[in-house]
Amino acid sequence: MRINLNFTNKGQVAIENFSNDELIEIFSRYMNTLTKKYNIDINVPVEVNQNIITDSSLVVMAENVKCDVEVFFKELGRDIKIPLKKRLEGKLDTVFKTEIIE
């Protein structure tokens, strides 16, 4: 299952403070932590995420999904604000919107 995390306007401003590699690392780390709570195998393929900031989107691949994907990414959206806010002045609302592509 392919999932696109499309960054909101505020999310785009926040991710501009990071390199592409940093974003892949941050999202991978936070998703791996959540997989301890949710039954899902997930990864961030580097080859399709070469221009996250330019594309305003992060592509995630999920397999063996035995949980509510929407709930998983809603929680990820809350958790991911922590590292993004550290380099952003001001408030950060919704970081991304989830688009599930089967």
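What you see is a predicted model; the values in this text were computed from it and never measured.

The rules behind these values
Residues numbered from 1 in each chain as written. Predicted model: local features only at pLDDT ≥ 70, side-chain atom pairs only at ≥ 80, totals over all residues. Heavy atoms only, no water. Helix = DSSP H or I, 4+ residues; strand = E, 2+ residues; numbered from the N terminus. Rg over C-alpha atoms; globule rule 2.2 N^0.38 Å. Areas by Shrake-Rupley, 256 points an atom, 1.4 Å probe, with all protein chains shown as cover. Expected span 1.5 Å × (residues − 1). Buried < 20%, exposed > 50% of the residue type's maximum accessible area, 1.4 Å probe, protein only. Arc of directions from axis to C-beta.

Colleague: So what exactly am I meant to see when it comes to the overall build of the protein chain here?
Modeller: Counting its secondary structure elements, the protein chain contains five helices and four strands. Against the 2.2 N^0.38 benchmark of 13 Å for 102 residues, the protein chain shows a C-alpha radius of gyration of 13 Å, consistent with a compact globule. Based on the C-alpha atoms only, the size of the protein chain along its principal axes is roughly 35 × 25 × 20 Å. For the protein chain, the accessible area works out to roughly 5900 Å², and carbon and sulfur atoms hold 45% of it.

Colleague: I tried to follow helix α2 (residues 20-34) on my own but got confused; where do I start?
Modeller: An α-helical turn contains 3.6 residues, so any two residues separated by three or four positions project in the same direction. Compared with an ideal rise of 1.5 Å per residue, which puts 15 residues at 21 Å, α2 spans 21 Å between its outermost C-alpha atoms and is within 8% of the ideal. Within α2 the residues assigned to the buried category are N20, L23, I24, I26, F27, Y30, M31 and L34. Viewed along the axis of α2, the buried residues span an arc of 165°, placing them on a single side of the element.

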